[in-house]
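# Summary of the model geometry
One-letter residues, chain by chain:
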Amino acid sequence: MDTLSSRPNDCKRFSLLAIDRTLMQEYKKRVRRIAERYAFELLHGIDGTLSLTKSCTTVKFSPTSRSTMTCTVINAENSFAFDEEKKYIFDIIHRLGTGHSLDGYQPKGEPLTLDEYISEEHAAGRLSDFQKRVATGDAENTELGGNHYNVEYYNGIYIVFDIFTGAPTNVYDLSEQQKAE
């Protein structure tokens, strides 16, 4: 098994650990997909850890309860830790994947929802048309657009993010969305 302790400290790696003893299980598939989107290498540990690797930063998610986690960040410049609700894991990964620092991380409100995107961007028709293309196999990975909020489709997930104010990113599994309808 490849572990961080067995790897050389080469500053060309970025590691994101999500400790999972069923407490992180509900996020596992969506974490895998968003990690793939941002070209993180994903490793599954025997103990339930998820390790995403890229560049020279390590971020470790350790569940502290059913709904909270400790996020420990270690990079070439410094290291720090903060406690956060698990629902912000996608925002943290999105920020890292898009080159933003986690130093002083403070989420601005609740993670965005598809309903907020649809309402704010008047996107019910756009999303419905796109879901039909997905169902017929004609959809490609793309941004669906928006003036304030945006949705990116990537291999079965929707990444809902805020372009201007930095509201927390959220990830939805399209297959789960279709089951709910």
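Since the structure is predicted, the reported quantities are computational estimates derived from the model, not experimental observations.

### Overview of the sheet that holds strand 10 (residues 170–173)
Read across the open sheet, the four strands follow the order 7-8-9-10; overall the sheet is antiparallel. Strand pairing shows two members of the sheet lacking a second neighbour, strand 7 (142–143) and strand 10, which therefore form its edges. When strand 8 (residues 149–154) meets strand 9 (residues 157–162), the two strands line up antiparallel, connected through six bridges. If you follow Val151 over to strand 9, its bridge partner there is Val160. The strands that helix 1 (residues 28–37) touches are strand 8, strand 9 and strand 10; relative to strand 10, the one it contacts most, it runs at about 115 degrees.

### Remarks on the pairing of strand 6 (residues 79–85)
Burial along strand 6 is one-sided: Phe80, Phe82 and Glu84 are buried, and none of Ser79, Ala81, Asp83 and Glu85, which face the opposite way, are. Pairing of strand 5 (residues 68–75) with strand 6, which is carried by seven bridges, proceeds in the antiparallel orientation. Each residue of the ladder has a partner; that of Ile74, found in strand 6, is Ser79. The turn linking strand 5 back onto strand 6 is made up of three residues.

Quick notes on the rules
- Residues numbered from 1 in each chain as written.
- Predicted model: local features only at pLDDT ≥ 70, side-chain atom pairs only at ≥ 80, totals over all residues.
- Heavy atoms only, no water.
- Pairing = 2+ DSSP bridges.
- Helix = DSSP H or I, 4+ residues; strand = E, 2+ residues; numbered from the N terminus.
- Contact = heavy atoms within 4.5 Å.
- Axes fitted to C-alpha atoms, helices over the stretch in contact; angles between N-to-C directions.
- Buried < 20%, exposed > 50% of the residue type's maximum accessible area, 1.4 Å probe, protein only.

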